[in-house]
Amino acid sequence: MSSVSSDRTAHRTRWAWVLGTFFGTGLLKPGPGTYGSAAATLLWYFAVHAFAPAPLTLTIATTVAALVVTLIGIPASTIVARESGRKDPGFVVVDEAAGVLVALIAIAPDWKHAAVSFLLFRAFDITKPWPIRKLEALPEGTGIMLDDIGAGLLALLVAHLVARFY
């Protein structure tokens, strides 16, 4: 990790770095947020097809997964940000994983719907339209995570609207 100074990361809280970088996907370049989002989307897609849950079960499981990733992601991203000396390190992508999971709630379990949710989430995460940008101002891991949850909620809304027309 050449982008992270070694003196600030001499002590790393291993679990926080593993989860904060979403199992290392945040260390990939270019565009670590896209890699983190893609990894979470692919995990969701493969889990859906491995377990073939009923639609309601899938909705509940995706919602619970998004909530768990968010609740774990807040302390993990806070720790990684502090240990790296950065307010919102680009290699912390657990927020993208949580946000894209929100965007996948109650979406049809096929690649077309998953791709639409993924693309909408990335668009809203990158552009951060109002009021999503305001969520970044929240302190530490809360701000890191919640702007992506906001982008995920907006992507969820738009994805469901788009799904009504095709």
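Each chain has its residues counted from 1, following the order in which its sequence is written. Where totals are concerned, whole chains, interfaces and linings use all residues; where local detail is concerned, this predicted model gives features only for residues with pLDDT of at least 70, and gives and counts side-chain atom pairs only at 80 or more. Excluded from the side-chain calculation are hydrogens and water; included are all heavy atoms of the structure.

Colleague: Sorry, what's going on with the overall build of the protein chain here?
Modeller: Secondary structure elements are taken from DSSP: a helix is a run of H or I of four residues or more, a strand is a run of E of two residues or more, and numbering for both begins at the N terminus. Looking only at helices and strands, the protein chain features seven helices and zero strands. Reading the secondary structure of the protein chain in the N-to-C direction produces α-α-α-α-α-α-α. Here's how the labels work: a residue is buried when its accessible area is under 20% of the maximum for its type, exposed when over 50%, partly exposed in between, all with a 1.4 Å probe on protein chains only. Per-residue burial for the protein chain yields a buried fraction of 43% across its 166 residues. Taking the contacts inside the protein chain whose residues are at least 6 apart along the sequence as the reference set, 75% of them involve residues at least 24 apart. Note on areas: Shrake-Rupley with a 1.4 Å probe; residue coverage comes only from the protein chains shown. Element-wise, carbon and sulfur atoms account for 72% of the exposed surface of the protein chain, whose accessible area totals about 8,700 Å². Whether two residues are in contact is decided by their heavy atoms: any pair within 4.5 Å suffices.

Colleague: I'm lost on the pattern of salt bridges in this one. Help?
Modeller: Opposite charge on two side chains permits pairing when their charged atoms draw close. The term salt bridge refers to a pairing of a side-chain nitrogen on Lys or Arg with a carboxyl oxygen on Asp or Glu at a separation within 4 Å. A complete count under the given rule lists five salt bridges for this structure. Residue lysine 128 is joined to aspartate 147 by a salt bridge in which the shortest nitrogen-to-oxygen separation is 2.7 Å. Placement of the pair is lysine 128 in the loop between helix H5 (111-127) and helix H6 (132-135) and aspartate 147 in helix H7 (residues 140-163), with a sequence separation of 19 residues. Residue class for lysine 128 comes out buried when judged on its relative accessible area of 12%. When the shortest N-O distance is used, the salt bridge between glutamate 136 and arginine 133 registers 3.5 Å.

Colleague: Would you explain the packing of helix H3 (residues 55-84) against H7 in this entry?
Modeller: Helix axes use the C-alpha atoms of the stretch in contact, all axes being lines fitted to C-alpha atoms, and the angles between their N-to-C directions lie in the range 0 to 180 degrees. Orientation of H3 relative to H7, taken along the N-to-C sense of each, is 130°, at an axis distance of 7 Å. Judged by the angle between their axes, H3 and H7 are oblique. Where H3 crosses over H7, the two elements pack in a sense that is right-handed. Of H7, the residues touching H3 (which contributes Val69, Thr70, Gly73, Ile74, Ser77, Thr78, Ala81 and Arg82) are Glu140, Gly141, Thr142, Ile144, Met145 and Ile149. In this classification, Asp, Glu, Lys and Arg are treated as charged, Ala, Val, Leu, Ile, Met, Phe, Trp, Tyr, Cys and Pro as nonpolar, and every other residue, Gly included, as polar. When its residues are assigned to classes, the contact of H3 with H7 shows six nonpolar, six polar and two charged. What sets the label is the angle itself: under 35 degrees gives roughly parallel, over 145 gives roughly antiparallel, 65 to 115 gives roughly perpendicular, and the rest give oblique. Helix crossings fall into two classes, left-handed where the near helix is turned counterclockwise from the far one by less than a right angle and right-handed where it is turned clockwise.

Colleague: Could you clarify how one ought to interpret the environment of leucine 146 in this entry?
Modeller: Relative to the elements of secondary structure, leucine 146 occurs in helix H7. The contact partners of leucine 146, leaving out residues within four places of it in the chain, are Leu135 and Leu138.

Colleague: I would appreciate a short explanation of the packing of aromatic side chains in the present structure.
Modeller: The description of an aromatic ring pair uses the distance of the two centres, along with the angle that the planes make with each other. The pairing test for Phe, Tyr and Trp rings, Trp by its six-membered ring, is centres within 6.5 Å, and the orientation test on the planes gives stacked under 30 degrees, edge-to-face over 60, and tilted for anything in between. Tallying each qualifying case throughout the model produces three aromatic pairs. Ring geometry for tryptophan 17 versus phenylalanine 91: centroids 5.5 Å apart, planes at 15°, classification stacked. Of the two residues, tryptophan 17 sits in helix H1 (residues 14-20) while phenylalanine 91 sits in the loop between H3 and helix H4 (94-103), which places them 74 residues apart along the sequence. Since its relative accessible area comes to 6%, tryptophan 17 is described here as buried. Classification of phenylalanine 91 by relative accessible area gives buried; the value is 6%.

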